[in-house]
Number of protein chains: 2
Amino acid sequence: MKNITVENLSAKIKSVIRDVPDFPKQGIIFKDITPFLNNPEIFSETVRFIADKYKNRGVSKVLGIEARGFILAAPIALELKAGFVPVRKKGKLPYKTVSGTYDLEYGQDTLQLHEDAVKKGEKILIIDDVLATGGTAKCACRMAEKLGAEIESIAMLIELEFLKGREKLQNYDLFSLVKY
Amino acid sequence: MKNITVENLSAKIKSVIRDVPDFPKQGIIFKDITPFLNNPEIFSETVRFIADKYKNRGVSKVLGIEARGFILAAPIALELKAGFVPVRKKGKLPYKTVSGTYDLEYGQDTLQLHEDAVKKGEKILIIDDVLATGGTAKCACRMAEKLGAEIESIAMLIELEFLKGREKLQNYDLFSLVKY
């Protein structure tokens, strides 16, 4: 892990991300991270890089956004010796929840967080695989804040810069490893 | 990690699993693992225990079943220096897939696996949080076998013994940490 730079790691990650045209619909080029996850060296290096970045910042909970966010957030939480907390789609969490909505192209969708998952004053790291419009990340931040927690940072594997999600999250610290 | 037994670890895990009555429907007592995931000591010990169990068995891919299976499978894959492979619900994986179906109480559901995710002759470990009727695990095994891979084992955090999922999986090596 010595001397590894964002540029260096980003290039490695890009080498194992696959473009899938017309998914989930016509005209969209989907960034498929499954070849990255299938590569234990690069996946592991990425987890350690992100965990290293946050290790002295007092993060006690790592929130992963359903479903691909779970895959990155769980090992990062373990590296940081922080709790892992799932942010899930409506109806999936069994206990008492807080809810938040975010805009879709047409209509809205709802995310939920267990109300005992984060505590007042705790520092939170939010993780997802792709920052697109920023709607789900912002929704996750607001739910954690509703419970009195503090957003230390948001970390994304990939940022799709042309969708300008960063603008929606300008009140938060935001890190992304790979930019398109 | 010295001298830790299944019984010992199982008791610890049970202490952080929450029973939620009437979820997802009336009469069902749901085993909520979110307090377990929120406890980095016990979650970490569990990941290391399962990874340790499989470390000399040549596993090159760890398959996690959507969505809670991802949370356990990703860090176990990294510990084993094996690739992580998501088994997803229909329509979620962007690239070419193989599909399998499993029975629900009424009707059927479909799981998918990328066709390049596992290779002929590879040894596979399948991971999920709960073994209930065994339908999804068996479906995951069959898809991996369709691609020529070999199921080294199936590991579950929790086994609901009264649902007899183990009977459906008797052709496979099966390990569960916590039994109810």
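The preceding data block contains the structure.
Residue indices follow the written sequence of each chain, beginning from 1 at its first position. Whichever chain is written first becomes A and whichever ligand is written first becomes 1, with later ones labelled in order. A pLDDT threshold of at least 70 governs which residues receive local features in this predicted model, and a stricter bar of 80 or more applies before side-chain atom pairs are shown or counted, although totals over entire chains, interfaces and linings include all residues. Hydrogens and water are ignored here; the side-chain numbers use all heavy atoms of the structure.

**Q** Is there a simple way to explain the relation of the copies chain A and chain B in this structure?
**A** Two copies of a chain can be linked by a rotation about an axis combined with a shift along that same axis. Between the two copies, chain A and chain B, the superposition gives an RMSD of 0.0 Å; the rotation angle is 180° and the shift along the axis is 0.0 Å. In symmetry terms, the pair is related by a two-fold rotation axis. Every residue of chain A has its C-alpha some distance from the rotation axis, and the shortest such distance is that of P75 of chain A, at 2.5 Å. For this overlay, a least-squares fit was computed on C-alpha atoms, restricted to residues scoring pLDDT of at least 70 in both copies.

**Q** What is the right way to look at the interface of chain A and chain B in this model?
**A** It is common to give the size of an interface as the accessible area that goes away when the parts come together. Residue contacts follow a heavy-atom distance rule, with two residues in contact if any of their heavy atoms lie within 4.5 Å. Chain A puts 37 residues into the contact, and the matching count from chain B is 37 residues. Simply put, the buried area is the total loss of 1.4 Å probe accessible area from both parts when two parts are fitted together. Buried area between chain A and chain B, both sides added, is near 2900 Å², and the carbon and sulfur share of it is 66%. Three residues stand out in chain A for area buried against chain B, namely N38, L78 and P94 of chain A, and they jointly supply 21% of the buried area on that side. The working definition used for a salt bridge is a side-chain nitrogen of Lys or Arg within 4 Å of a carboxyl oxygen of Asp or Glu. Ionic pairing is found between D116 of chain A and R18 of chain B, a salt bridge with its closest N-O pair at 2.7 Å.

**Q** Just to check I follow, could you spell out the packing of aromatic side chains for this structure?
**A** The relative placement of two aromatic rings is captured by the distance of their centres and the angle of their planes. Only rings of Phe, Tyr and Trp enter the pairing, Trp through its six-membered ring, and a pair is recorded when the two centres are within 6.5 Å. The plane angle decides the type: under 30 degrees is stacked, over 60 is edge-to-face, the rest tilted. Enumeration according to the criterion identifies eight aromatic pairs over all chains in this entry. Here the aromatic rings of F23 of chain A and F30 of chain A are separated by 5.1 Å at their centres, their planes lie at 80°, and the arrangement is edge-to-face. F30 of chain A shares its class with F23 of chain A; the two are buried. Considering the side-chain rings of F36 of chain A and F43 of chain A, the 5.5 Å spacing of their centres and the 55° angle between planes classify their relative orientation as tilted. Across this residue pair, the class does not change: F36 of chain A and F43 of chain A are buried. The ring of Y95 of chain A has R18 of chain B lying over it, and the distance from NZ or CZ to the ring centre is 3.6 Å. When accessible area is computed with a 1.4 Å probe and restricted to protein chains, residues below 20% of their type maximum are described as buried, those above 50% as exposed, and intermediate ones as partly exposed. Ring-over charges, as used throughout, are those where CZ of Arg or NZ of Lys falls within 6 Å of the ring centre and within 35 degrees of the ring normal.

**Q** Explain the sheet that holds strand β3 (residues 59-65) of chain A to me, please; I cannot follow it from the model alone.
**A** Adjacent strands of a sheet pair through backbone hydrogen bonds, lying either parallel or antiparallel. All names here are of chain A. Read across the sheet, seven strands follow the order β5-β6-β4-β3-β7-β8-β9 without closing on themselves; strand pairing throughout is mixed. Looking at strand neighbours, the two that pair on one side only are β5 (97-103) and β9 (174-179), the edges of this open sheet. Neighbouring strand axes in the sheet, compared pairwise and without regard to direction, differ in orientation by 25° on average. The axes are straight lines fitted to the C-alpha atoms, using for helices just the contacting stretch, and the angles between their N-to-C directions are given from 0 to 180°. In this description a helix means any DSSP run of H or I spanning at least four residues, a strand means any run of E spanning at least two, and both kinds are numbered starting from the N terminus. Its contacts with the sheet put helix α4 (residues 68-79) on β3, β4 (83-89), β7 (123-131) and β8 (150-159), and the angle it makes with β7 is roughly 140°. Strand pairing is assigned whenever DSSP detects at least two bridges linking the two strands.

**Q** Before we go on, may I ask you to explain the sheet that holds strand β5 (residues 97-103) of chain B in this structure?
**A** Residue and element names in this part refer to chain B. Pairing is mixed in the open sheet, where seven strands are placed in the order β5-β6-β4-β3-β7-β8-β9. Both outer strands of the open sheet, β5 and β9 (174-179), are each paired with one neighbouring strand and no more. Neighbour-to-neighbour, the strand axes of the sheet open up by a mean angle of 25°, direction not taken into account. Pairing between strand β4 (residues 83-89) and strand β6 (residues 108-114): two bridges, direction antiparallel. Bridge pairing links R88 to Q112 in β6. Those strands touched by helix α4 (residues 68-80) are β3 (59-65), β4, β7 (123-131) and β8 (150-159), and its axis lies near 145° from that of β7.

On their own, these measurements won't tell you what the molecule is for.
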